[in-house]
Amino acid sequence: MSDGKRDLTMKHILALILGLLLLHTGPARAAEPDAAEILRASDRSRGGGLPGIRWTVRITPESGVDKEPERLLTLKANATASLAETREPVRFKGSKLLQVDRNMWMSRPGLRKPIPISPRQKLSGQASQGDIASTNYAVDYQGKLLREEEVNGETTYVLELKAINTFCTYDRITYWVSKERQVGVKAEFFSLSGKLLKSATFEYGNQLTHEGKTFPFVSKMTIQDALTPAKTTLEYADVQVTELARGTFDVNRLGN
């Protein structure tokens with residue numbers, strides 16, 4: 001057999017093998033999105049994973065049996081810690097909440113030393129201590145992608161989040177993350193027994209610029225109690241990425 005005919009035959013054989021492989025394997029499937037990566041991206045727009053950030057949050061209990069006053073807090077946070085100081089009302093002014101990793105303390109004027117507290121402890125209305133801190137779901141929860149779903153005309157990833165330890169604010173969360181914007185738009189919070197505690201929606205009217213990239217940042221969180229008409233809003237303003245001093249999150253300086 002001549003070299004030309006031999007080369008032609010080999011090409012036919014290779015083409016036949018390739019065709020058989022494609023027939024059995026079918027078209028290649030697109031890689032399924034990674035739940036942890038979705039959470040890391042969405043955390044950024046709620047203060048998580050940034051080197052340093054500060055903002056103010058106004059907490060307004062809009063309805064409920066017991067009328068509670070509005071609170072205005074100044075917050076500072078980095079990837080693993082946050083510090084909130086109360087500015088209003090006057091009787092709570094100077095009170096501070098410090099969260100470092102999975103630990104949290106409270107301090108107020110006249111208190112000799114900080115008191116350890118739980119991130120689940122109620123702060124005002126339906127807002128808990130953990131709700132006001134920066135969000136690090138990618139660190140605190142094990143995420144699982146359940147499905148895609150439309151929310152207000154927007155395609156979202158629906159994630160099931162299970163707490164890695166008992167220090168997390170909630171035992172389980174169902175979290176809807178915008179597929180296009182990579183921000184959390186809706187959440188449902190559950191107890192360990194599976195009881196729905198409350199739900200929340202998020203708006204992103206703020207913007208941040210970091211490392212040359214501009215991205216949305218949460219401007220409003222509306223929390224609805226699951227069993228009563230009680231509702232609370234958290235409004236975020238004056239957001240900026242900034243360097244924070246090393247001692248900002250030192251519990252020994254909390255009373256200063």
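Structure shown above.
Scope of this entry: the structure provided in the associated data block.

## Considerations on the layout of surface pockets
Move 1: Empty space within the largest pocket amounts to approximately 420 Å³.
Move 2: Gln99, Asp101, Ser134, Asn136 and Asp140 are, among the 23 residues lining the largest pocket, the residues nearest its centre.
Move 3: Breaking the lining of the largest pocket down by element, the ones donating at least two residues are strand E5 (103–107), helix H3 (129–132) and helix H4 (137–140).
Move 4: Examining the composition of the lining of the largest pocket, we find that three residues originate from one element, H4, more than from any other.
Move 5: Partitioning the lining of the largest pocket into residue classes produces ten nonpolar, eight polar and five charged.

## A closer look at the pattern of salt bridges
Move 1: Evaluation of the coordinates by the stated rule reveals nine salt bridges.
Move 2: The salt bridge partner of Glu148 is Lys179, with a shortest N-O separation of 3.1 Å. Of this pair, Glu148 sits in strand E9 (residues 141–151) while Lys179 sits in the loop between strand E11 (172–178) and strand E12 (184–190), placing them 31 residues apart in sequence.
Move 3: Each of Arg58, Glu70 and Glu88 takes part in salt bridges that share partners, so that together they form one network.

## Focus: unusual backbone geometry
For residues besides glycine, phi is generally negative; the peptide bonds are generally trans as well.
Move 1: Of note, the amide linkage connecting Glu88 to Pro89 takes the cis form, showing an omega dihedral of 0 degrees.
Move 2: Along the polypeptide, Pro89 turns up in the loop between strand E3 (81–88) and strand E4 (96–100).
Move 3: One non-glycine residue with positive phi stands out, namely Asn152, at about 55 degrees.
Move 4: As for its position among the elements, Asn152 is in the loop between E9 and strand E10 (154–163).
Move 5: The exposure class of Asn152 is exposed, given its relative accessible area of 82%.

## Notes on the pairing of strand E15 (residues 213–217)
Move 1: Pairing analysis gives five bridges linking strand E14 (residues 206–210) to E15, with the strands arranged antiparallel. Directly across from Gln207, in E15, lies its bridge partner Pro216.
Move 2: Following E14, the chain reverses through two residues before pairing antiparallel with E15; Glu211 in that reversal takes a positive phi of roughly 55 degrees.

The rules behind the values
- Residues numbered from 1 in each chain as written.
- Predicted model: local features only at pLDDT ≥ 70, side-chain atom pairs only at ≥ 80, totals over all residues.
- Heavy atoms only, no water.
- 1 Å grid on protein atoms, 1.4 Å probe; cavity = no way out; pocket = protein on both sides within 12 Å on 5 of 7 lines; lining within 4 Å.
- Points joined across faces, edges and corners; volume = space filled by probe spheres on them.
- Helix = DSSP H or I, 4+ residues; strand = E, 2+ residues; numbered from the N terminus.
- Nonpolar A, V, L, I, M, F, W, Y, C, P; charged D, E, K, R; others polar.
- Salt bridge = Lys/Arg side-chain N within 4 Å of Asp/Glu carboxyl O.
- Buried < 20%, exposed > 50% of the residue type's maximum accessible area, 1.4 Å probe, protein only.
- Pairing = 2+ DSSP bridges.

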